[in-house]
Amino acid sequence: MIAPFAEVQAFTEATRQGIGVAIGLAFGFALERAGLGSARKLVGQFHLTDLTVFKVMFSAIVTAMLGVFWLGFFGVLDLSRVYVPETFLWPQLVGGLVFGVGFAAGGLCPGTACVAAATGRLDGFAAVVRVFAGVLVAGLTLERAPAFYDAAARGPQTLSEITGLPDGVLIFIVVGVALLGFAVAEAVERKAHA
Amino acid sequence: MGPDRGRAYADPYLAGVGLGLVLLTAFVVMGRGLGASGAFASGAASLVGMATPPYAAQSPVFVRYPDGFFREWIVFELAGVVLGGFLSAKLAGRVRVEIERGPHASAPRRMLGAFAGGTFMGVGAVFARGCTSGLALTGGALLSVGAWVFMLATFASAYAVAPLFRKSWR
Amino acid sequence: MTVLRRALLVTAASLGSLAALVSIASPGGRGTAESGSKLNAREITSIQLADWIKDRKPGLRILDVRSAADFDVFHLPGSLSAPLGGPPSIELGKRDVVVVYSEEDLDLGEALASLRSPAVAEAFALRRGLNGWLDEVMNPVLLAGSNTEDKAAFEKAAELSRYFGGVPRVLDATESAAFTRKKPSSSETRRRGC
């Protein structure tokens, strides 16, 4: 196992930061190339006129998922040392519902709002400022409801742990659903523009 | 619907694969994925920490970012996002100061949407401990249960309320 | 459909199908090409932990979540007492690698939520807890008729065992037949799902 590099060999703080900027740069570049720095394009997803969000997001998930699986399979990447976001079922369900309202209203998400702002869009800049305000307010308020914030904590739980299916099978299912979804997305767009 | 300015956007599938490779690189090099809201949370934590230190230490949210704004990896990553987004738009001739909205929509209406949307997203991201990048994308690729729950909830509620904001885009 | 899209589609479909095939053919799932038995993403074995303690792995913090009374009777070298549900008494840092253990397997998510600590670099549950430690580190045995792989693993365990004052034993055929240590089955070592 030679990866993750930062775990296998200790990086200096400056190296980590430099890598952070480089990876972020590529991330921002890819988002802008796809058109996700544009709220008009993003809301097309919810009005079913332009399904770029779904196509980009699921292409990315499928690519990274397959990469992680195969690098792990060939012993390059030590998966036990990759940080898996922890599951907190109820706060994540409620958080998702609240976030979705913001996503539709703002037409951007925190990352794409930063890209929108960087390309001169004032609505993107407004969203960035307000995301910060929202985080600040929620952070200060949640202090009074720590029980809910930690509700249904399950650690870094994966789908394979709750379904009992091996990762490879779940990956097969996700890839299948994504490819099917792409076909549907193309059909929906054709219909919307017909 | 093509882009309103500059060169056409890239093929979404190709851009998505590119994005996926960036995410994979983050896993391989750093052992963690991408993110955005974490940087906001770290900023908020530092701000509260400066104003009232004990408050920040008690908050279950802010206590997760004890290192300070300029020591969090995610902050450097998000700085890169801003740079990368600008660079890409610049190369394609897509940088322009404007309030993006529908041809018949007023600027205040759109700004109101962006304001309200940003707030909801900030609150939602705190509850969920992540956003579309840090949780849905990163956790989705790692088959995290919470990430898929968050993703489905986000899309469900976005579809439910999107008609209310359609006027900004007409 | 363009040639590019077709190529991406075929690649995703084949890598996804292969992923399902290899994980059905060799159950064990993600990243277990090297180690034979299934290890949950956030579990470590007693041998691994012993290795870390011996090597003085930087940032290693071992937390015992059993009661303080149990802790006083016996605990792992270098561990701290952090009873589940008790007041948070241990300060953890961002660079810390945390290993929590109990009598047997435990729910890592629950334990971490109870610690109410900031995000640490990594957190692991000790597989089979103290029982695993006693079996694998303090009392490793080599059964008669073991293959070379088992022998190599035993040599490593024996070396660690002597470091921690344990008693490695090589059993002959009759002793091996009488030896009935409970072998952890994969379903038992699996972290509790819900």
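For clarity, every value in this text was computed on a predicted model and none was experimentally measured.

1. A short note on the overall build of chain C
Okay, so step 1: Helices and strands together make up the secondary structure of chain C, namely eight helices and seven strands.
Okay, so step 2: Each of the 194 residues in chain C was classed as buried or not, and the buried ones make up 32%.
Okay, so step 3: Of all intrachain contacts in chain C linking residues separated by at least 6 positions in sequence, the fraction that spans at least 24 positions is 68%.

2. As for the overall build of chain A
Okay, so step 1: If you tally the helices and strands in chain A, you get 10 helices and two strands.
Okay, so step 2: The C-alpha extent of chain A, read off along each of the three principal axes, is 50 × 45 × 35 Å.
Okay, so step 3: Split into buried and exposed, the 194 residues of chain A put 64% on the buried side.
Okay, so step 4: In chain A, once contacts between residues fewer than 6 apart in sequence are set aside, the share between residues at least 24 apart is 63%.

3. Brief notes about the interface of chain B and chain A
Okay, so step 1: The interface of chain B with chain A comprises 110 residues on the first partner and 117 residues on the second.
Okay, so step 2: Of all the secondary-structure elements, those providing two or more residues to the side of chain B that touches chain A are helix H1 (12-30), helix H2 (37-51), helix H4 (73-91), helix H5 (107-128), helix H6 (132-141) and helix H7 (145-161) of chain B.

4. Examining the confidence of the model for chain C
Residue and element names in this part refer to chain C.
Okay, so step 1: Of the residues in chain C, 79% have a pLDDT of 70 or more, and the chain-wide mean is 76.
Okay, so step 2: The weakest mean pLDDT in chain C belongs to helix H8 (residues 186-189) at 30; the strongest belongs to helix H1 (residues 3-25) at 91.
Okay, so step 3: Between residues 182-194, whose pLDDT stays under 50, and residues either more than four places distant or in other chains, the model counts 19 contacts.
Okay, so step 4: If you check the scores for this complex, the pTM reads 0.72 and the ipTM reads 0.95.

5. Here's the deal with helix H2 (residues 46-55) of chain C
All names here are of chain C.
Okay, so step 1: Restricting attention to buried positions, one finds in H2 the residues Ser-46, Leu-49, Ala-50 and Ile-53. Axial view of H2: buried residues confined to an arc of 100 degrees, hence all on one face.
Okay, so step 2: Along its buried surface, H2 packs onto strand S1 (43-44), strand S4 (97-101), strand S5 (122-126), helix H5 (129-138) and helix H6 (148-163).
Okay, so step 3: The positive-phi residue at the C-terminal boundary of H2 is Arg-56, with phi of around 50 degrees.

6. Details of the pairing of S4 of chain C
Residue and element names in this part refer to chain C.
Okay, so step 1: Burial of S4 is extensive: four of the five residues sit out of reach of the surface.
Okay, so step 2: Here five bridges tie strand S2 (residues 60-64) to S4, and the two strands are oriented parallel to one another. Within S4, the position partnered with Ile-62 by the bridge is Val-99.
Okay, so step 3: Where S4 lies against S5, four bridges are found, and the strand directions are parallel. Of the residues in S5, the one forming a bridge with Val-98 is Ala-123.

7. Looking at the packing of helix H5 (residues 89-106) of chain A against H5 of chain B
Okay, so step 1: Two elements in contact, H5 of chain A and H5 of chain B, have axes separated by 7 Å at closest approach and are oriented at 165 degrees. If you check the angle between H5 of chain A and H5 of chain B, you find them roughly antiparallel. Considering how the two elements wind past one another, H5 of chain A and H5 of chain B form a crossing that is left-handed.
Okay, so step 2: A breakdown of the residues in the contact of H5 of chain A with H5 of chain B according to their chemical character gives 15 nonpolar, 10 polar and no charged.

8. What about the pairing of S2 of chain C?
Residue and element names in this part refer to chain C.
Okay, so step 1: Burial runs high along S2: four of the five residues are buried.
Okay, so step 2: Of the strand pairs in this sheet, S2 and strand S3 (residues 79-81) are connected by three bridges, and their pairing is parallel. Looking at the pairing, Asp-64 lines up with Ser-81 of S3.

9. A word on the sheet that holds S4 of chain C
Okay, so step 1: Spatially, the five strands line up as an open sheet ordered S1-S5-S4-S2-S3 (chain C), and their pairing is parallel. With one partner strand each, in any of the chains shown, S1 and S3 of chain C form the two edges of the open sheet.

10. A word on the environment of Val-161 of chain B
Okay, so step 1: Inspection of the secondary structure assignment puts Val-161 of chain B in helix H7.
Okay, so step 2: Given 17 C-beta atoms within a 10 Å radius, Val-161 of chain B is considered partly exposed.
Okay, so step 3: When residues no more than four places from it in sequence are discounted, the contact partners of Val-161 of chain B are Val-101 and Ala-104 of chain A.

11. Overview of the nonpolar core
Side chains that are nonpolar tend, in soluble globular proteins, to be buried together.
Okay, so step 1: One finds Met-65, Val-68, Val-135 and Ile-171 of chain A together with Leu-23 of chain B to be the most contacted residues of the largest nonpolar core, which totals 129 residues.
Okay, so step 2: The element best represented in this core is helix H4 (residues 52-73) of chain A, accounting for 14 residues.
Okay, so step 3: When near neighbours in sequence (up to four residues on either side) are disregarded, Val-68 of chain A contacts Leu-77 and Leu-79 of chain A together with Leu-24, Phe-27, Ala-141 and Leu-142 of chain B.
Okay, so step 4: Counting 31 residues, the second-largest nonpolar core is a separate cluster that includes Ile-44, Ala-50, Ala-123 and Ala-125 of chain C.

12. A few points about the environment of Ala-133 of chain A
Okay, so step 1: Considering the arrangement of structural elements, one finds Ala-133 of chain A in helix H7 (residues 122-141).
Okay, so step 2: A residue is classified by how many C-beta atoms lie within 10 Å of it, and Ala-133 of chain A, with 17 of them, is partly exposed.
Okay, so step 3: Setting aside chain neighbours within four positions, we find Ala-133 of chain A in contact with Thr-119 and Gly-122 of chain B.

13. Details of the environment of Val-8 of chain A
All names here are of chain A.
Okay, so step 1: Assignment of secondary structure puts Val-8 in helix H1 (residues 5-8).
Okay, so step 2: Looking at Val-8, the number of C-beta atoms within 10 Å reads 13, which means it is partly exposed.
Okay, so step 3: Placed 109 residues apart in sequence, Val-8 and Ala-117 show a C-alpha to C-alpha distance of 36 Å.
Okay, so step 4: Apart from residues lying up to four places away in sequence, Val-8 is in contact with Ile-2 and Ala-3.

14. Thoughts on the packing of helix H2 (residues 13-34) of chain A against helix H6 (residues 110-118) of chain A
Helix-helix packing: each pair is described by the crossing angle between the helix axes and the interaxial distance.
Residues and elements named next belong to chain A.
Okay, so step 1: Viewed as axis vectors pointing N to C, H2 and H6 meet at an angle of 80 degrees, and their least axial separation amounts to 10 Å. The orientation of H2 relative to H6 falls into the category roughly perpendicular. In this structure, H2 uses Gly-28, Leu-31 and Glu-32 to contact H6, whose residues at the interface are Gly-111, Thr-112 and Val-115.

15. Remarks on unusual backbone geometry
Residue and element names in this part refer to chain B.
Okay, so step 1: In this structure, Arg-129 is a non-glycine residue whose phi angle is positive, near 60 degrees.
Okay, so step 2: Here Arg-129 is to be found in the loop between H5 and H6.
Okay, so step 3: Judged by C-beta crowding, with 25 C-beta atoms within 10 Å, Arg-129 ranks as buried.
Okay, so step 4: One non-glycine residue, Leu-143, adopts positive backbone phi at about 60 degrees.
Okay, so step 5: Within the element layout of this structure, Leu-143 appears in the loop between H6 and H7.
Okay, so step 6: With 24 C-beta atoms packed within 10 Å, Leu-143 lands in the buried category.

16. Comments concerning H1 of chain B
Residues and elements named next belong to chain B.
Okay, so step 1: For H1, spanning 19 residues, the distance from its first C-alpha to its last is 26 Å, which sits close to the expected 27 Å at 1.5 Å a residue.
Okay, so step 2: Along H1, 14 of the 19 residues are buried, which leaves the element largely enclosed by surrounding structure.
Okay, so step 3: One or two positions beyond H1, positive phi appears at Gly-31, with a value near 75 degrees.

Calculation rules
- Residues numbered from 1 in each chain as written.
- Chains lettered and ligands numbered in written order.
- Predicted model: local features only at pLDDT ≥ 70, side-chain atom pairs only at ≥ 80, totals over all residues.
- Helix = DSSP H or I, 4+ residues; strand = E, 2+ residues; numbered from the N terminus.
- Buried ≥ 20, exposed ≤ 12 C-beta atoms within 10 Å, placed from the backbone.
- Contact = placed C-beta atoms within 7 Å.
- pLDDT = per-residue confidence, 0-100.
- Arc of directions from axis to C-beta.
- Pairing = 2+ DSSP bridges.
- Axes fitted to C-alpha atoms, helices over the stretch in contact; angles between N-to-C directions.
- Parallel < 35°, antiparallel > 145°, perpendicular 65-115°, else oblique.
- Left-handed = near helix turned anticlockwise from the far one by under 90°.
- Nonpolar A, V, L, I, M, F, W, Y, C, P; charged D, E, K, R; others polar.
- Core = buried A, V, L, I, M, F, W, Y, C linked by C-beta atoms within 7 Å.
- Expected span 1.5 Å × (residues − 1).

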